[in-house]
Each structure stands twice: as C-alpha cells, then as structure tokens.
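# Structural characterization, general
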Amino acid sequence: MEPEWLRRELDDNQLEAVTADDGPILVFAGAGSGKTRVLTYRIAYLLTCRNVPAHRIMAVTFTNKAAKEMRQRLEQLVGNLFQPAWVGTFHAVCTRMLRLHGHSIGLPKDFVIYDEEDQLSLVKRILKEKDIDPNQFPPPAILSAIGAAKEQQVTPEELAEIVENPFQETVAKVYRDYQTRLQEAKAVDFDDLLWLALRMLEEKPEVADYYQSRFLHILVDEYQDVNRTQHQLTMLLAAQHRNLFLVGDDDQSIYSWRGSDVRLMLEVRNHFPDLRVFVLTNNYRSTQVILDAAWYVIKRNIHRQEKRLRAVRPAGEPLILFRAQDDREEAAFVAATIIDLVKQGANRYSDFAVIYRINAQSRPFEEVFVRWGIPYRVVGALRFYERKEVRDIIAYLRLLFNPADQVSLLRIINTPPRGIGEQTMSRIQELASLKGLPLGVAIFADDLLPSLPPRQRGGLMRFRQLMERLRQGLNEWKLSELIQAIVELTDYDEYVRKAEGDLVGQERMSNILQLATAAEQAFGDEPAAQSLPRFLEQIALLSPQDAADWRGDLVSLITAHSAKGLEFPIVFVTGLEEGLFPHSRSLDDPFQLEEERRLFYVALTRAKDRVYVTYAQRRGFSTGRWGESRFALTDLSRFLLELPSALVVEWRGVPTAQGLIPMPSPPTAAPRTPVSDWSKVLQPVSPSLPQPIRASEPGQSPAQGPFPVKTGARVRHRDFGIGKVIAVAADRRLLTILVQFDDPSVGLKRLALDMAPIEILSD
DNA sequence: TGTACAACCCTTTTT
DNA sequence: GGGTTGTACA
C-alpha cells in the first residue's frame, strides 16, 4: 500500500506509474507533466516501500544538473538513504563502469576523457603528419564523420572497407590513426565511453553478470534522445532483472543529428514484449493557451504518436507576436518588455528566458542588455571550462595525472613560452618515436637531453623541472594548492598580463581562481593525488546546463536545445524566420524539418505563463554572422503560420531603455485583437516603413563628469556580496566597473554602475 | 624563437 | 566579429 506522502504529491496517473509492479515500464510523459518528478518518486518508492537497497538502483539522466537536482530531491524525500544509488548521465555511468572494470578489455584505469576541443586538435595534428590539406578536408567534418561511425559502432577497419569517395577514404585513414593515438595517450572520447562500456558488457560475461545482477532497477530519463549504443546498454543492463523504468516524450526528440533515434523508444517492446506503457498528459507547467498553440504546431508532424496535453492551470493569455525591423529592434523589444514587467513588480529577471536557434543570436541581446542594464547569463556559449586560461591549467593537471596525454602536453609545453619552439618539438618527437615512447615520457628520459643543442636543451630542462616539482606536490598539496602552484611556477599571471593587458589579465586570473575555488569546494583538504582524477572527470562531462551559473537574478539567454528540461514563467522565442528557425540546413529534408518543429515545440513548452514570439524582417549579419554590415531580408518562419491565429495577438510597440512605448494604443486600453490575417504579418519589407526610434539617443555622457566611484572602493551587490572595484570604465555611454568579489566563487564581474543593484561602501 | 600584422576561414544544435 | 594561420623581421 502506498504511503500518504506519495498520494499527496502525485496525481492518479503519476501514482500509477510510480507504484507500478516490477517489470519493464515505459512512461510517455509530455512536456511539463512531471516527468522528473515521477522518476524521482519512483526511486523513493522503491527505496522506502519496496525496500530495494540503494546500491542496486541505477538512474540515468540527461544532464548532470538533472542528476544533481534528483539527488537533492531524494535527499528531501528519504534522507541519506539513496546515496549509494548510481545517478548520473550515460557518460558518467559508463565512465564509472570503465574505471572499475575497464581493465578487463585492456583499458588503463587512469584514462583521460578527450572533449571536442581535444579531439579536434588531435585530428588536426594527424592531418599535418599525413600531409593532408585541411582546406580540402576540414578537420571538423572529419571529426563528425568519425563520430558518426562510432555512433554506428563502425570500426576503422570496417569503415575502410565501405568507403565510396576520397573524403570517406581520408576519414577512414584518419580514424585509424586517431584511435591509435587515443590508445597511446590513454585517452577516450565521448563516443568511446559509451561504446567501450557496451563492448565490455558484450565481451566479458563476468563483468556483464556483475552489473546485471547488481542493478535490480534501471531508470532512464529522456529516452527519446538515446542513441543506439545507449539503448543497447540499457537493454543489456536490464536483461537479468527486467526492471526497467523508461521515461520519454517522442515530441521532444531533438538530438537525431547526434545519433539519437526516437524509434528506439518504441522498439523497447521488441526486447520486452510484456512492456507496460503509461501516458502522462496532465500538464502542470503551462497555461492551456500555450499548450494549445504548441499542439497546433506539433500536430503537423506525421511521425508522432498523437497525444494532447491538458493544462491543470487556467487558460491564460494569448501569445504575443512581435515583428521587428531588424535583429537589433528584436533585441530591443525583448529588453524593453523585460524592463516593463520588472518595473511593474510582476516579475524578476530570472523569470525570463530568451530562446534562440543558434548561439550566435545571443549577441544583439547581450548588446542591448548591457546598454540598458539588464543582468543576464548566456547559457552554454563560451563555457567556463572552455576558456583558454582554464583549459591551460586543466592541461597541466591532466598531464600530471596521465603523462601519456599528448594533446595536453602539446598544449602546454610552451605555454607560457619557455623557449620550446617548433624546431625543438620536431626534434624531440623524432627521438621519441625512435625509442617508441610516448612524448610525455620521452621528455623525461635521461639520454634525451645530451643529443640536443644547448639552446633547445635549456627550455626543455625548465619544463622538466617544473613538471617534476609539480609531480612531487601531488601528494603534499590539495587540489586548489596544486592549481595555485601551477600558476606561480609558470608565472602564468605575468604571461597573461603581458599578452593581453592588465584588465583582461585580471579577468583571466580570476577565472583560474574560480577553478581553484571549485576544486576547493568539491574536495577540500583531500590530497591532489586522490581528488585529481575525479575532478578531471567531472569537468570533462559537463553540459552547458551544468556549466552555467544559475545563481542570481538574471535573464537567461539560451538555445532551444539547451533549454530542454527547463522552465521559465516568461519565454521569448526569437528569430522565427525561414532559414534560421527552421534552420536552413533542415529545409530540404522532411525528417529534419520535423525535428526543427519539435525543437520549436520544446521552446514553446518551456513557458509557464507567457510566450512572446519574435522575428526580424532583416537580419544583420553584422551581428549574427561574420562582420559585414550586409543585411539579408528574411521570410517569416512557417512555424509562425502554424500557430492558430486566434491564440496570437500582434503587438507592435517602440522599445526604449525605459520600457516599451505601446503603439498605436496602449495594450491595456482595448482588448488586443488577435491576428486575423497572416498575410498582413507577412507583408514584404518596404523602404517606406518608419524607422524604429533610436532607443539610445545620446544623452550627456557620464564619462565627462567625475567618476562617482574610484578604483579600490568597496561595494556591496545584492546578490554577489561585497567586493572591491578593480577598474572603472566608460563603455559607450555607460559607466561600467570591474569588481572582484570577496566570494571567490563569484569572482570578477563587470557591472553597469547605473543599473546594477550595488551600494558603495567606501572609497 | 618570438612578435606583429595581414589574410583567411567561419556558424546549427552538444554529451 | 574573432580566432587561426602564414609571412616578415627583431
């Protein structure tokens, strides 16, 4: 009998799924139907009501953030009880299995994980050695072909046999070297993590048996986005106990370009004919209007299971459509609307998300937001861990952990410059391959040095001493101290300041400090030798959602892909133009077009209360793509036309820094009229259209007066706490200050003096 | 070897 | 716009 707390928190449908008996279960859970909730409560139910030991449960989520939230939720529900359960992404779970048993298939325990940047630099390197022209065979294209092969579980040898053209031939050749190099470097890439784990289970019955008997229950979220390897892994892991709990929504499948395939979700029944299916259609997130609008769009897809979501909440307000002259006006409209609503006190900044199709679209929004003082975060654009300085330090750490890691070695052997140039490197490489040693090992071989000319020897000596000193420190220092030591021993500080000036240098050093703080928070006083592997693993497997800083009252700028699984009271879906959303690369393929439509569906259903859809009649590639000021005329997205006109009102206003000036009549004065005729919206651009009012008319420049705050002053920020002003600058017509906050996890922030919620404590 | 500067690509989404 | 590559020179 299910306890009271379950009944209280779940509706009948959810309860039925959560408390279902053992056996294979598939839950079709529409957007906002409490999918993650059902998964979490299922685990809590298994732990408390069915007395399943936590260490016999594996739960797979889509992002680490989702895993973390699930753990927190479980903590509230059942306390520490859940701790031994395996909760994480497919990649994290596979890493764990490979660390434990990878030796059975010859994988060293201390393997490192190469991310896309590492992969790319390896491919480039191979091209160079093989004397292949990267213009003719672009490294990213080769890499993605290798990735596709791996997703299909095609080996280099198999690929070599099925090549049909010179490009594929090149790919096959590079692929072979690429795998060899990975092995030499004791490295695996993202695809290897999955594939190797699968191979291990397939080839080593004793390992398979261990996991199959250990895990009584396998639960997987977002099953519509698994690829073949992940699917096979799931089937295999559940083969013995057959307790499978899969949750997914075919309407939200948006990763087929990465090898995922919705059909796999429907194929589960082939493995488990007694599969029980539950369908959740009560939506707890959005208004009915939003759901209806989304449904009218998604129902155009032919390849889907028909289902319609019912809102638990009231009908709500219609969608608002804004037609902007160009992308700058689009951004201004969004900014002005946010200012209006925040001023009214109805919303805070963190209630808003600006969703777009491609990352490059964030720029115009960022520009207006900075100018008008709207605080924001960009989710996933340049991630923290992708910053050059952070990656440099990580490369040092990785090399310490695994001296065979060539990509890291090549990255830092002369960073900061220590006189090891191309000449030296090719000489060393020659000697290393002569001895058959990995580069990172050969460098430390004693008989290497005498064979070098004195000048080359000097640089190399410095590097050796540096690494030896750091390696000694592994056991005496904790991780944060090790990072500090790397910075000090390499004079990294001086290097960045010299290369990029004091201001940028400060910012870069602050990022490194944040890295150290993250290490400190995660591992405290543990010796670096112990914590290092886990630290490296954590940062290798981060998603944009994981890497984003979600603290603070900030507007989120985010791609539709990254927004999956999130929700916001107010959502702007922007750039609804043919060729952008849907993207031009999808226009000629009906299957891909359906995926674009699902992506739009995902974007719409992120919203709780209100949706704004916007498009620009001209998009300046000055901001979107490379720096020309050429403008292209755009067509309205077909997805807009698929929205039922009764649910949409067009609302044109003039965006200003003070908010939106409604035009022609205030939006509250008369009931807004629904868009009655799409052809009006579709009007071609005419040169006689009134120009948008310039929102940023030059006022008197604050830069001319004395600065109200001096460098060195201490300030208090509402969200970030107390900090010290490091620099003051007049940026356009706006005063900005650079503040180093005392809380090292906040670090350095650039703030608009007029707008940011700060008070000046002292000079 | 390191640096300064011109010339070239580029952008779809990401574990 | 920005990041990378190639060339000329200290």
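Worth saying up front: this structure is predicted, and the values here are computed from it rather than measured. (Residues numbered from 1 in each chain as written. Chains lettered and ligands numbered in written order. Predicted model: local features only at pLDDT ≥ 70, side-chain atom pairs only at ≥ 80, totals over all residues. Heavy atoms only, no water.)

### Comments concerning helix 10 (residues 190–203)
- Between its terminal C-alpha atoms helix 10 stretches 20 Å, which fits the 20 Å expected from 14 residues at 1.5 Å a residue.
- Among the 14 residues in helix 10, ten count as buried, and that is most of the element.
- All buried positions along helix 10 are accounted for by Asp191, Asp192, Leu193, Leu194, Trp195, Leu196, Ala197, Leu198, Met200 and Leu201.
- Sitting at the head of helix 10, Asp189 places a side-chain oxygen 3.2 Å from the backbone nitrogen of Asp191. (Helix = DSSP H or I, 4+ residues; strand = E, 2+ residues; numbered from the N terminus. Expected span 1.5 Å × (residues − 1). Buried < 20%, exposed > 50% of the residue type's maximum accessible area, 1.4 Å probe, protein only. Polar contact = N/O pair within 3.5 Å; in protein donor to acceptor, adjacent residues only side chain to side chain.)

### Looking at the environment of Leu198
- Relative to the helices and strands, Leu198 resides in helix 10.
- Residue Leu198 is classed as buried on the basis of its relative accessible area, which comes to 0%.
- Taking the C-alpha atoms as reference points, Leu198 and Leu233, 35 residues apart in sequence, are found 5.7 Å from one another.
- If near-sequence neighbours (up to four positions away) are discounted, Leu198 is found in contact with Gln153, Thr229, Gln232, Leu233 and Leu236. (Contact = heavy atoms within 4.5 Å.)

### Comments concerning the side chain of His561
- Along the chain, the position of His561 falls in the loop between strand 14 (555–559) and strand 15 (568–573).
- In contact with His561, other than residues within four places in its own chain, are Ile254, Tyr255, Trp257, Arg357 and Leu599.

### A word on the nonpolar core
- Leu397, Leu460, Phe463, Leu470, Leu479, Leu482 and Leu515 are the most contacted members of the largest nonpolar core, which has 75 residues in total.
- Top contributing element to this core by residue count: helix 17 (residues 388–401), with nine residues.
- Among all residues touching Leu470, those that are not within four sequence positions of it are Tyr396, Leu400, Trp477, Leu482, Ala485, Ile486 and Leu489.
- Core analysis: the second largest hydrophobic core is formed by 45 residues, Leu319, Leu599, Tyr601 and Leu636 among them. (Core = buried A, V, L, I, M, F, W, Y, C linked by side-chain atoms within 4.5 Å.)

### A few points about unusual backbone geometry
- With an omega dihedral of -10 degrees, the bond running from Thr415 to Pro416 counts as a cis peptide bond.
- Locating Pro416 in the fold gives a position in the loop between helix 18 (406–412) and helix 19 (422–435).
- Here the amide bond leading from Phe581 into Pro582 is cis, since omega sits at 10 degrees, within 30 degrees of zero.
- Position of Pro582 among the secondary structure elements: in the loop between strand 15 and helix 26 (590–604).
- Backbone geometry places Asn51, a non-glycine residue, at a positive phi of 55 degrees.

### Considering empty space enclosed by the protein
- Per the stated rule, a full pass over the model turns up two cavities of 30 Å³ or more.
- Of the voids in this model, the largest cavity is the one considered here, and its volume is about 50 Å³.
- Every residue lining the largest cavity is listed: Leu291, Trp295, Ile298, Arg304, Lys307, Arg308, Leu309 and Tyr601.
- By residue number, the principal contributor to the lining of the largest cavity is helix 14 (residues 288–298), which donates three residues.
- Estimates place the volume of the second largest cavity at around 30 Å³.
- Lining the second largest cavity are Gly23, Arg42, Leu46, His217, Ile218, Leu219, Asn243, Leu244 and Phe245.
- For the lining of the second largest cavity, the secondary structure elements donating two or more residues are helix 3 (35–48), strand 6 (217–220) and strand 7 (244–248).
- Sorting elements by how many residues they give to the lining of the second largest cavity places strand 6 first, with three residues.
- Of the residues in the lining of the second largest cavity, the class split is five nonpolar, three polar and one charged. (1 Å grid on protein atoms, 1.4 Å probe; cavity = no way out; pocket = protein on both sides within 12 Å on 5 of 7 lines; lining within 4 Å. Points joined across faces, edges and corners; volume = space filled by probe spheres on them. Nonpolar A, V, L, I, M, F, W, Y, C, P; charged D, E, K, R; others polar.)

### Let's talk about the packing of aromatic side chains
- Applying the stated criterion to the full structure yields 20 aromatic pairs.
- Consider the rings of Tyr210 and Tyr211, whose centres lie 4.9 Å apart with planes at 80 degrees: the pair is edge-to-face.
- Look at Tyr211 and you get buried, because its relative accessible area is 0%.
- In this structure, Arg199 packs its charged tip against the face of Trp195, placed 4.8 Å from the ring centre.
- Just above the ring of Tyr255 sits the side chain of Arg258; from NZ or CZ to the centre is 4.3 Å. (Phe/Tyr/Trp six-rings, centres within 6.5 Å; stacked < 30°, edge-to-face > 60°. Lys NZ or Arg CZ within 6 Å of the ring centre and 35° of its normal.)

### Thoughts on the confidence of the model for chain A
- With 89% of its residues at a pLDDT of 70 or more, chain A has an overall mean of 84.
- In the model, residues 683–706 has pLDDT below 50 throughout and makes 21 contacts with residues more than four positions away in sequence or in other chains. (pLDDT = per-residue confidence, 0-100.)

### Some points on the sheet that holds strand 6
- Read across the open sheet, the six strands follow the order 3-2-6-7-1-8; overall the sheet is parallel. Lying at the two open borders of the sheet, with one neighbouring strand each, are strand 3 (86–89) and strand 8 (276–280). Each adjacent strand pair in this sheet contributes to an overall mean axis angle of 15 degrees, direction not counted.
- Pairing geometry for strand 6 and strand 7, over three bridges, is parallel. (Pairing = 2+ DSSP bridges. Axes fitted to C-alpha atoms, helices over the stretch in contact; angles between N-to-C directions.)

### Section: the protein's contact with DNA strand B
- Lining the immediate environment of DNA strand B, one finds 28 residues, of which Arg357, Gln423, Thr424, Ser543 and Pro544 sit closest.
- The sugar and phosphate moieties of DNA strand B supply 56% of its atoms located within 4 Å of the protein.
- The separation between a base oxygen of DNA strand B and a polar side-chain atom of Trp257 is 3.2 Å.
- One of the side-chain N or O atoms of Thr559 is found 3.2 Å from a phosphate oxygen in DNA strand B.
- Secondary-structure elements contributing two or more residues to the surface near DNA strand B are helix 19 and helix 21 (454–476).
- Of the residues assigned to the surface near DNA strand B, the class counts are nine nonpolar, 14 polar and five charged. (Near = heavy atom within 4 Å.)

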